[in-house]
Every structure is written in C-alpha cells, then in structure tokens.
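# What the coordinates show
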Amino acid sequence: KYDYSNDKVRERIYYHLNNTSRSFSAVIQALDPELKDPICIFYLVLRGLDTVEDDMTIDLDIKLPLLKSFHEIIYQPGWTFDKCGPKEKDRQLLVEFDIVIETFLKLKPEYQKIIADTTKRMGEGMAHYATAGVHVNTTEDFDQYCHYVAGLVGLGLSGMFSACNFESPSVAKREDLSNSMGLFLQKVNITRDFLEDLRDNRHFWPKAIWGEYADKMEDLAKPENKEKAMECMSHMVHNALCHMQDVLEYLGQIKNPSVFHFCAIPQVMAIATLNMLQGNYNIFTTENVKIRKGETVWLMKESNNIDQVAAIFRLYARQINNKTNPLHRQFVDIGVLCGQIEQTC
Ligand SMILES: CC(C)(C)CN1C(=O)[C@@H](CC(=O)N[C@@H](CC(=O)O)C(=O)O)O[C@H](c2cccc3ccccc23)c2cc(Cl)ccc21
C-alpha cells in the first residue's frame, strides 16, 4: 500500500519553504537530491528558531528556554508552538512544526548532527542577545552577533557539503571563509533593514559606527542629519565589504554546480543590495527598500560559475566606489577594497 501520508508531509514541507522565501525556495529545490531535503529542513529549522527570536511578544522567561532548547525540540515528535504573535510572518510554520521534526528525524544521522549542533550554538547566541539590554556596541560585538545568526549557518552548510563528499573536506575546514559567507549576507541585511529594525526598537548597527555620526541611532533618521546619515551608511557599507574577498575565495573552491548556484545567488543579491544602499537616503526614510525584480532575475541567471560571479562583484564594487563621497572618512578604505577585487580571479 503506497504511503500517501509521506507525500502529504513532503507537500506541506515545501509549501512552508515556498511561504518563507519564494525565490530562495526554487534555489533549494534545484539542489542535488542528496542535499535538497537536508538543506530544506535545515532552512526551516533555522526559520523556526528565527521566528522565536524575532517575536517580541513572547516573554523572555518563555523565549530564552525555547531558544536554548530548540536543538532538543527538533528531536521531539509532535512538538508544535502556537503562542507566536499574530504579526509573526512565519508563525504557521511553528504551528505545524511537527512535520518539520518528522522529516528531520528521517535525515541521515550526520545531517541531523550538523543541524542540531548549529541550532544549539545559534540558540545560545540568540539567547545572549535577547537578554534585556544587550546591545551591539563594538564592531567585535557586531561580528559576534552576525556569527551567531548567520556565520554558524555557513559552518553548518560547509559541514554538509563536505559530509556528502560533493565538496572537499577543506571547505568545512576553512571556518573563516564559511563564517564570512554568513557575515556578508547578514551585515547587508542589517544595513538594509535600518528603519524596520528601528521601528521594532531593535538596534543592530554597532554603536562604535553610528556613534561617530549621531548621539542616538534614531537621530540618523532625522532630515537635518542627512549628511551624517549618508557618511554613516558609507561606514556600514565598508564594514560589509571587508568580507568580499573571503566570499569569492569560498565560492572559488566550490565544485558541485548545484551547490555553487545555491551558495552564489544570495551573495550576488547581497553585493547588488549593497550597491543599492550606498548613497541612497531612502534607507533612512522608507522601509523594505529592495533591488528590482528584473535585477534579481538577471543575477540568478548570471551566477553559474566563479568567473561570472567575480565579474558581478567587480561590477558592483566599482559602482559602489564611484558613488562614494570623497569627503567620507571611509572613501579611501572602500577604494582599497574595491581595488583589490579588480585583482581577484
Ligand atoms: C540569516 C541568513 C543570511 C543565514 C539567512 N539565509 C539567507 O538569507 C539565505 C537566502 C535567503 O533566505 N534569501 C531570502 C531572504 C529573504 O527572505 O529576504 C530571499 O527571499 O531571497 O541564504 C543563506 C545561505 C545560502 C547559501 C550559503 C550560505 C552560506 C553561509 C550563510 C548563509 C548561506 C541561508 C541558508 C540557510 Cl540554510 C538558512 C538561512 C539563510
């Protein structure tokens, strides 16, 4: 008798994947069958954890234990959570989380271990920053926070790519490069989401950076501080650009075509977004500023190998450099980083 229930679960799993991120869902589903389910489940487990972290309506005495025990929860068949606020975009994923757990428990043990270890370390990191009043002050704090929420994902993915032998063991060994893959994406997201996070009273821009341009982070959004805000943007753009070399070095070592595409697409979206951010005052006045659909379609088509991706990075790095105000403190350093990219590959 054919096990239709299994099909039902798979259908719901990919419904949630499509629901969390349409464009990226297609990229995951294009992965080699050996990696498609493990990475889909990894993505949904992390989305579940991120939804708990993001939900400011959950009391800390509920949220902290949830974040710290999420790596054990994924081994508990039947577990679901329906106490997320109505506003939470992915709350339905947690309401139906039992099917994510059911599918997780069918994965090969080495993938389960990588997902559980990553979830444990990420949950502990999130709990630290969710504790009242912990702010991102120094640039080291900034790198540490981004390591917890994104760098660790890079370590986990590299572990999977090496575990299935699609990529050499050296991919998992170079934790610095895997970490930079996550930091680049997360720093661009945090820079882009300035206004949205400010509205949610979440301060991810490091005080060591915005503190050079304003007394309070929210002052950057005041029209009279436009010039200061634009110079602060250059500073945040420079901080993200520092990871560009590592990203290209990491992608340069990826051999499997479907793994390369999966890794390259978010990175080229990020450099294109960084280009959109530089010199764009709308970031301080409008929420949800994104690159145009046509540009993302072009980027997805043009990210099949390292030569295409290096060319995209050189193109955007040059554009960022050309529009950086020479009076900005970071002008010279941005020029140096963009110049280096011209030499790469
Ligand atoms: C915070 C984050 C950057 C890690 C989130 N993250 C990503 O951003 C996704 C892309 C994504 O979700 N895009 C969405 C974004 C959005 O919803 O706005 C889209 O619609 O395009 O990509 C990353 C991701 C993909 C490939 C390689 C990576 C290496 C290191 C770290 C992360 C890596 C990701 C891979 C996994 Cl397994 C889990 C999460 C992520």
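Scroll up for the structure.
Throughout what follows, the structure given in this document is the object of discussion.

Time to look at the overall build of the protein. The number of helices and strands found in the protein is 18 helices and zero strands. A compact globule built from 345 residues should have a C-alpha radius of gyration of about 20 Å, and the protein, at 20 Å, falls within 12% of that. Oriented by its inertia axes, the alpha-carbon framework of the protein measures out at about 70 × 45 × 35 Å. Taken across its 345 residues, the protein has 54% of its residues classed as buried. Across the protein, the fraction of contacts at a sequence separation of at least 24, relative to all contacts at a separation of at least 6, is 72%. Put simply, the protein shows about 15500 Å² of open surface, and 53% of that area lies on carbon and sulfur atoms. Once the 38 positive and 47 negative side-chain charges of the protein are each reduced to a mean point, those two points are 3 Å apart.

With that out of the way, let us pick up the site of the ligand. Neighbouring the ligand are 20 residues, the closest being Ser21, Ser23, Tyr43, Arg47 and Gly154. In this structure, Arg47 approaches the ligand through a side-chain N or O atom, which is 3.2 Å from an oxygen atom. Every element with two or more residues in the shell around the ligand is listed here: α2 (22-29), α3 (33-54), α8 (139-163), α10 (175-192) and α15 (257-277). Top element by residues in the shell around the ligand is α8. It accounts for five residues. For the shell around the ligand, a count of residues per class yields 13 nonpolar, five polar and two charged.

Here α15 crosses helix α17 (residues 306-322) at 10 degrees, and the two axes come no closer than 9 Å. Here α17 runs roughly parallel to α15, going by the angle between their axes. Residues Phe260, Ala264, Gln267, Val268, Ile271, Ala272, Leu274 and Asn275 of α15 form the contact with α17, whose own contacting residues are Ile306, Val309, Ile312, Phe313, Tyr316, Gln319 and Ile320. Looking at side-chain class alone, the contact of α15 with α17 contains twelve nonpolar, three polar and no charged residues.

Once that is clear, we can look at the environment of Gly156. Considering the arrangement of structural elements, one finds Gly156 in helix α8. The sequence separation of Gly156 and Ala172 amounts to 16 residues, and the corresponding C-alpha distance is 8.3 Å. Sequence-distant contacts of Gly156, that is, excluding residues within four places in its chain, are made with Phe42, Ile114 and Thr118.

The interhelical angle for the contact between α15 and helix α16 (residues 293-301), taken along N-to-C directions, is 140 degrees, at an axis separation of 9 Å. In terms of axis orientation, α15 runs oblique to α16. For the crossing formed where α15 meets α16, the hand is right-handed. Of α16, the residues touching α15 (which contributes His261, Ile265, Val268, Met269 and Ala272) are Glu295, Thr296, Leu299 and Met300.

Here we come to the packing of aromatic side chains. Counting across every chain of the model gives 16 aromatic pairs. With 5.4 Å between their ring centres and 40 degrees between their planes, Phe24 and Tyr43 make a pair best called tilted. Of the two residues, Phe24 sits in helix α2 while Tyr43 sits in helix α3, which places them 19 residues apart along the sequence. Ring geometry for Trp205 and Phe284: centres 6.0 Å apart, planes at 75 degrees, overall edge-to-face. Taken together, the residues Trp205 in the loop between α11 (194-199) and α12 (207-210) and Phe284 in the loop between α15 and α16 connect sequence positions 79 residues apart. This pair shows no difference in class: Trp205 is buried, exactly as Phe284 is. An aromatic cluster is defined as three or more aromatic residues linked by ring pairs; in this entry it consists of Phe24, Tyr43, Phe161 and Phe262.

What follows is about the environment of Gly154. Tracing the backbone shows Gly154 in helix α8. Here Gly154 falls in the buried class, since its relative accessible area comes to 11%. Considering only alpha carbons, one finds Gly154 and Thr118, 36 residues apart in sequence, at a separation of 9.6 Å.

Right, let's talk about the pattern of salt bridges for a bit. Overall, the coordinates contain 24 salt bridges when judged by the stated rule. A salt bridge links Glu231 to Arg329, with the shortest nitrogen-to-oxygen separation between them at 3.5 Å. Here Glu231, found in helix α13 (residues 226-241), pairs with Arg329, found in the loop between α17 and α18 (331-343); they are 98 residues apart in sequence, far enough to count as distant. With a relative accessible area of 13%, Glu231 lands in the buried category. Connected through salt bridges with shared partners, the residues Arg47, Lys89 and Asp90 form a single ionic network.

Here Ser234 shows up in helix α13. Here Gln278 takes part through its side chain, which lies 3.2 Å from a polar atom of the side chain of Ser234. Sequence-distant contacts of Ser234, defined by excluding residues within four places in its chain, comprise Gln278, Thr324, His328, Gln330 and Ile334.

So, how was this worked out
Residues numbered from 1 in each chain as written. Predicted model: local features only at pLDDT ≥ 70, side-chain atom pairs only at ≥ 80, totals over all residues. Heavy atoms only, no water. Helix = DSSP H or I, 4+ residues; strand = E, 2+ residues; numbered from the N terminus. Rg over C-alpha atoms; globule rule 2.2 N^0.38 Å. Buried < 20%, exposed > 50% of the residue type's maximum accessible area, 1.4 Å probe, protein only. Contact = heavy atoms within 4.5 Å. Areas by Shrake-Rupley, 256 points an atom, 1.4 Å probe, with all protein chains shown as cover. Lys, Arg positive; Asp, Glu negative; His and termini not counted. Charge placed at Lys NZ, Arg CZ, Asp CG, Glu CD. Near = heavy atom within 4 Å. Polar contact = N/O pair within 3.5 Å; in protein donor to acceptor, adjacent residues only side chain to side chain. Nonpolar A, V, L, I, M, F, W, Y, C, P; charged D, E, K, R; others polar. Axes fitted to C-alpha atoms, helices over the stretch in contact; angles between N-to-C directions. Parallel < 35°, antiparallel > 145°, perpendicular 65-115°, else oblique. Left-handed = near helix turned anticlockwise from the far one by under 90°. Phe/Tyr/Trp six-rings, centres within 6.5 Å; stacked < 30°, edge-to-face > 60°. Salt bridge = Lys/Arg side-chain N within 4 Å of Asp/Glu carboxyl O.

Honestly, it's all geometry; don't read function into it.
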